[in-house]
Amino acid sequence: WYQRRVRGLSAVLRKSIHGTRPVTLVGYGLGARVIFFCLLDMVTKRSAEEYSGILENAVLCGAPVTSQPVVWARLCEAVSGKLVNGYSANDWVLSFLYKTTQA
């Protein structure tokens, strides 16, 4: 279900439906997961010119996604400002969501 949301968000951002000013995306839980994969879509499937200047900041809170530094370093390319990942290593709900979404 979220892949459709990822493609939709990515398309809206690329088409500049929001206007010409850069945006800040903030998401919690599965919403943060959508933002994560939107950023990943931008840096892996699009040229830098297509997404340059669109996103100023992205804040992800409790995102059930990978913690691999290589992936996060790549995501930083999509944002001109800050990319923030807020989570707690002791969050059992986050752990459950991550394991559930990996299946």
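Higher on the page you've got the structure.
One structure accompanies this document, and this report is about it. (Residues numbered from 1 in each chain as written. Predicted model: local features only at pLDDT ≥ 70, side-chain atom pairs only at ≥ 80, totals over all residues. Heavy atoms only, no water.)

1. As for the overall build of the protein chain
- Scanning the protein chain for helices and strands turns up five helices and three strands.
- Taken from the N to the C terminus, the helices and strands of the protein chain come in the order α-β-α-α-β-α-β-α.
- Its C-alpha atoms give the protein chain a radius of gyration of 13 Å, near enough to 13 Å, the size a compact globule of 103 residues would have.
- In the protein chain, buried positions account for 37% of the 103 residues.
- Taking contacts inside the protein chain between residues at least 6 apart in sequence as the whole, the part at least 24 apart equals 79%.
- If you sum the accessible surface of the protein chain, you get close to 6300 Å²; carbon and sulfur atoms cover 57% of it.
- Each charge class in the protein chain was averaged separately, 12 positive and 6 negative side chains, and the resulting centres sit 8 Å apart. (Helix = DSSP H or I, 4+ residues; strand = E, 2+ residues; numbered from the N terminus. Rg over C-alpha atoms; globule rule 2.2 N^0.38 Å. Buried < 20%, exposed > 50% of the residue type's maximum accessible area, 1.4 Å probe, protein only. Contact = heavy atoms within 4.5 Å. Areas by Shrake-Rupley, 256 points an atom, 1.4 Å probe, with all protein chains shown as cover. Lys, Arg positive; Asp, Glu negative; His and termini not counted. Charge placed at Lys NZ, Arg CZ, Asp CG, Glu CD.)

2. Topic: the sheet that holds strand β3 (residues 83-86)
- Here three strands make up an open sheet; going across it, the order is β1-β2-β3 and the pairing parallel. Where the open sheet ends on each side, the last strands, each with one partner, are β1 (23-28) and β3. Each strand axis lies, on average, 5° off the axis of its neighbour in the sheet, ignoring direction.
- In the sheet, strand β2 (residues 55-61) pairs with β3 via four bridges, with the strands oriented parallel. For Cys61, the partnering residue across the bridge sits in β3 and is Gly86. (Pairing = 2+ DSSP bridges. Axes fitted to C-alpha atoms, helices over the stretch in contact; angles between N-to-C directions.)

3. Brief notes about helix α2 (residues 30-45)
- The terminal C-alpha atoms of α2 lie 22 Å apart, and with 16 residues this matches the ideal 22 Å at 1.5 Å per residue to within 8%.
- Every buried residue of α2 is listed here: Ala32, Arg33, Val34, Ile35, Phe36, Phe37, Cys38, Leu39, Asp41, Met42 and Val43. (Expected span 1.5 Å × (residues − 1).)

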